[in-house]
Amino acid sequence: MCGIVGVVPSGVGGMDVAGFLLEALALQEYRGYDSAGIAVVDCDGGGVRRLAVSGRVAKLKEAARAGGFGGFGGGTVDAIAAGIGHTRWATHGAPTERNAHPILAGGGAAIVHNGIIENHDELRAELRGRGRRFRTQTDSEVIAHLFAEGLRAGGDSLRAMRSAAGKLRGAFAVAAIARGRGEIVCARRGSPLLVGEGEGTLFVSSDAPALGGAAKRVLHLADGDCALLRAGEKARIVSAGGRRAGRQWRQTGAARAAANLGGYRHFMKKEIAEQPQAAAAAMADFVGRTGGLRTGAFGGELLRAMRDCRSVNIVACGTSYHAAMTARYWVETLAGTPCRANVASEYRYRADPGAGGSLTVAVSQSGETADTIAAAAAAKEKGARLLAIVNESDSTLARDCGRALPMRAGMEVGVASTKAFTAQLTVLLLLALGIAKEKGTLSARVEKGIVASLRRLPELLRGSLLLEGVMRKWAGEIVSCHSGSLVIPAKAGIQTGGGGKGKAGLDSRFRGNDKVFNDGVLFIGRGGHYPLALEGALKLKEISYIHAEGCAAGELKHGTLALVDAHMPAVVLAPGGALAEKTAANAAEIAARGGRLYVLAAENCGARIAARKIARVDDGCEWISPIVFAPPLQLLAYYAAKIRGADIDKPRNLAKSVTVE
Ligand code: M6R
């Protein structure tokens, strides 16, 4: 999603400001965006210059190089007093050069904005009434005009920004520059923003990695804060109440290693392959070479919350929500404690009378997902104790929850979450075990068995990754049946285009070859593998753009079975255990209607499933089975997307870090 970066160099002319901004934007590309831009204030009372493109940062760099912007790419580096940059993920207005940030307003002001301004229509009308002219279709432009009006009224930047921020409804992180001022002023409410400092240079950013290690220390602005960053001075922070505020600086660790493909063509593939190490890292503190679960690693305070909670309430989005759904089976079965998995965007607006007395667990790879952050805050207001499970330990969610269990999966770059998913599952299983142990519902025998299986998890994941070749083949077949070779039955009464290109009255996909597409792939599973069916479908949709649907196998006959015909591929998740025969019966219902079965079965699944395509995996035991089943589904999606030539790491319309509601 949108990303902000800004810099006020310590000395005039000493820094390649444009070059820094462009590199910083490249470092935050992983967040997902569709246009990018920078704006700078020239020294000696100079004006504001802006450069923006629709498309990638590489294109922006090219434009900067071609135009000699700021001296980027050779020549003398321009003397620049301050600069801001932005990667935009379009919400209001198409991803055009004109709608890209920074957005200019009369009077030589420029702003960058993350978030959504809910009252922008109202403000736009008021501003128009005062003679302001709008250039963009964005909600953000109102901020630029309000800020510029504040400056024109003779206020200093801080006052102008505070006054603008006071008129906004919705979520925002905003940074602004203005002609003749060697400073950046910024503000936030409901969207993260941090200030950095390194050798006298001041920075602002929505995300620490964008600073690439240039800041030696950073502070996270609190909700409602405004900050003024001026050359040669300390950052000045003012709280929502208008008082000077001291926020805690944290030393930054070594700069996070720049994301590196390490010989792979795509980050997604690399991250799929890293799952054995990621799972080992996730459990390292809890599972030793011998013995049972090391509960000490949870820490005394969390252990008390685990023991005392009346219920477990999990909030998450997307893939993290699927991990939460799986955890529900674990917590309820092992700890005998009621557990709910909630889609965070819905939970935040629900009454939830059960929140008080619960341990509310917010699960998020990035720790910056706006809906998950808001859902955790809503639960806290109702009296819940919070715990975050995050991959990014220094994230807003981890800070807001006050307690966090790290996934330790290592940086995930591909928009499709893979190693973070299996690491989340691993941590959630450890948590379920911990709660069960604290509540006294876990027998020594069961504990020993599950912990022994967890020890084998990295090896089992390596085994399931060996299904790569089979998944590539299955992907080929699924893609070919999606891209159509299926004759429309005459009795269906569908008119075809009869070979004529451009004939009206028929969907263009049906024209010219009398063929129809099969629009979907079904994934089915039961128990802990039902969420995995949803995850398999999400992964396929997300990166290959083939429609897919996950379904609880027993629920098929209540509607979805109507989709099944001889052209419908159905991926069946078939672990062993008590539900194996039931799943086999549901697979038979599909086969009986001609559906094409692709069965991923546990080695110990004894149920007879009559299918041409069966791949077997050693899944250890029923408890860790959903974790071991995940990589083949990720590989299936990966190869489907690859065969279709999709942009695997940056699927269209999606972002890695979903920081708007
Ligand atoms: O960072 P989070 O785990 O909070 O992100 C939640 C979802 O946006 C994320 O899992 C999304 O569904 C993935 N792109 C799926 O691969």
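Quick look at the structure, then. Quick caveat, the model's predicted, so the values are computed rather than measured. (Residues numbered from 1 in each chain as written. Predicted model: local features only at pLDDT ≥ 70, side-chain atom pairs only at ≥ 80, totals over all residues. Heavy atoms only, no water.)

### Overview of the nonpolar core
General note: in soluble globular proteins, nonpolar side chains tend to be found buried as a group. Trp330, Leu334, Leu454 and Phe523 are the most contacted members of the largest nonpolar core, which has 120 residues in total. Residues lining this core come from more than one domain, with at least three contributed by each of domain 2 (267–464) and domain 3 (468–496 + 510–643). Core analysis: the next-biggest nonpolar cluster, separate from the first, contains 30 residues, Ile117, Ile143, Leu151 and Leu228 among them. (Core = buried A, V, L, I, M, F, W, Y, C linked by side-chain atoms within 4.5 Å. Buried < 20%, exposed > 50% of the residue type's maximum accessible area, 1.4 Å probe, protein only. Domains from an automatic or database assignment.)

### With respect to the pattern of salt bridges
Summed over the entire model, instances satisfying the criterion amount to 37 salt bridges. Where Glu542 meets Lys539, a salt bridge forms, and the shortest distance between an N and an O atom there is 3.8 Å. Pair noted here: Glu542 and Lys539 are both in helix α16 (residues 530–544), with a separation of three residues, about one helical turn. Taking relative accessible area as the criterion, Glu542 reaches 14% and is therefore assigned buried. The exposure class of Lys539 is buried, given its relative accessible area of 1%. What emerges from the salt-bridge pattern is a single network uniting Arg181, Glu183, Arg230 and Glu233. (Salt bridge = Lys/Arg side-chain N within 4 Å of Asp/Glu carboxyl O. Helix = DSSP H or I, 4+ residues; strand = E, 2+ residues; numbered from the N terminus.)

### Some thoughts on the packing of aromatic side chains
Both the distance between ring centres and the angle between the ring planes are used here to describe each pair of aromatic rings. Evaluation of the coordinates by the stated rule reveals four aromatic pairs. When the ring of Phe286 is compared with that of Phe298, the centres are 4.6 Å apart and the planes differ by 50 degrees; the resulting orientation is tilted. Highlighted residues: Phe286 in the loop between α7 (275–283) and α8 (300–308) and Phe298 in the loop between α7 and α8, separated in sequence by 12 residues. Accessibility expressed as a relative area gives 6% for Phe298, which makes it buried. Their ring planes at 85 degrees and their centres at 5.0 Å tell us that Tyr638 and Tyr639 sit as a pair that is edge-to-face. Considered together, Tyr638 and Tyr639 belong to a single accessibility category, that of buried residues. Sitting above the plane of the Tyr33 ring, Arg56 keeps its charged end 5.6 Å from the centroid. (Phe/Tyr/Trp six-rings, centres within 6.5 Å; stacked < 30°, edge-to-face > 60°. Lys NZ or Arg CZ within 6 Å of the ring centre and 35° of its normal.)

### Points about the environment of Glu581
You can see Glu581 is positioned in helix α17 (residues 580–592). Take Glu581: its relative accessible area is 54%, and that puts it in the exposed class. Distance from Glu581 to Gly606, taken between C-alpha atoms, is 8.3 Å for residues 25 residues apart in sequence.

### Digging into the site of the ligand
Inspection of the region around the ligand gives 14 residues, with Ser320, Ser364, Ser366, Thr369 and Glu542 positioned closest. Within the side chain of Lys539, one N or O atom sits 2.8 Å away from an oxygen atom of the ligand. In isolation the ligand exposes 410 Å². Once the protein is present, 90% of that is buried. Counting only elements with at least two residues in the shell around the ligand, the list comes to α9 (318–335) and α16. In terms of residue count, the dominant contributor to the shell around the ligand is α9 (three residues). Within the shell around the ligand, the residues separate by chemical class into four nonpolar, eight polar and two charged. (Near = heavy atom within 4 Å. Polar contact = N/O pair within 3.5 Å; in protein donor to acceptor, adjacent residues only side chain to side chain. Areas by Shrake-Rupley, 256 points an atom, 1.4 Å probe, with all protein chains shown as cover. Nonpolar A, V, L, I, M, F, W, Y, C, P; charged D, E, K, R; others polar.)

### Side note on the sheet that holds strand β8 (residues 183–189)
Spatially, six strands are ordered β5-β6-β7-β8-β12-β13 in an open sheet, and the strand pairing comes out antiparallel. Every other strand in the sheet has two partners, leaving β5 (103–105) and β13 (236–238) as the edge strands with one partner each. Taken pair by pair, the neighbouring strands of this sheet meet at an average axis angle of 20 degrees, ignoring direction. In this sheet, β13 lies alongside strand β12 (residues 226–230) in antiparallel orientation, the contact comprising three bridges. Its bridge partner lying in β13, Cys226 is registered against Val238. Sitting on the sheet, helix α4 (residues 141–152) is in contact with β5, β6 (109–117), β7 (170–178) and β8, with an inclination near 135 degrees to β6. (Pairing = 2+ DSSP bridges. Axes fitted to C-alpha atoms, helices over the stretch in contact; angles between N-to-C directions. Contact = heavy atoms within 4.5 Å.)

### Brief notes about the side chain of Thr319
If you trace the backbone, Thr319 turns up in helix α9. In this structure Thr319 comes out as buried when scored by relative accessible area, which is 8%. A polar contact is formed between the side chain of Thr319 and the side chain of Lys539, at a distance of 3.0 Å. Beyond its immediate sequence surroundings of up to four residues, Thr319 is in contact with Ser417, Phe421, Gln424, Glu535, Leu538 and Lys539.

### Concerning the sheet that holds strand β14 (residues 250–251)
Strands belonging to one sheet form pairs held by backbone hydrogen bonds; the direction of such a pair is parallel or antiparallel. Taken in spatial order, the eight strands make up an open sheet running β3-β2-β4-β1-β10-β9-β11-β14, and their pairing is antiparallel. The open sheet is flanked by β3 (48–54) and β14, the only strands paired with a single partner. Sheet analysis places strand β2 (residues 35–42) next to strand β4 (residues 80–88), joined by eight bridges and oriented antiparallel. Bridge assignment links Gly37 to a residue of β4, and that residue is His86. Strands β1 (3–8), β2, β4 and β10 (201–205) of the sheet are contacted by helix α1 (residues 17–27), whose axis makes an angle of about 20 degrees with β4. On the sheet, helix α2 (residues 57–67) packs against β2, β3 and β4 and is oriented at approximately 135 degrees with respect to β3.

### Observations regarding the environment of Ser453
The residue Ser453 is located in helix α14 (residues 444–465) in this model. On the basis of relative accessible area, Ser453 is assigned to the buried category, the value being 11%. Every residue in contact with Ser453, bar those within four places of it in the chain, is listed here: Cys621 and Ile624.

### Describing α9
Relative to the 26 Å expected for 18 residues at 1.5 Å per residue, α9 spans 25 Å between its end C-alpha atoms, a close match to the ideal helical length. Of all 18 residues making up α9, 13 are buried, and the element is well covered by its neighbours. Phi turns positive one or two residues past the end of α9, at Gly336, with a value near 60 degrees. (Expected span 1.5 Å × (residues − 1).)

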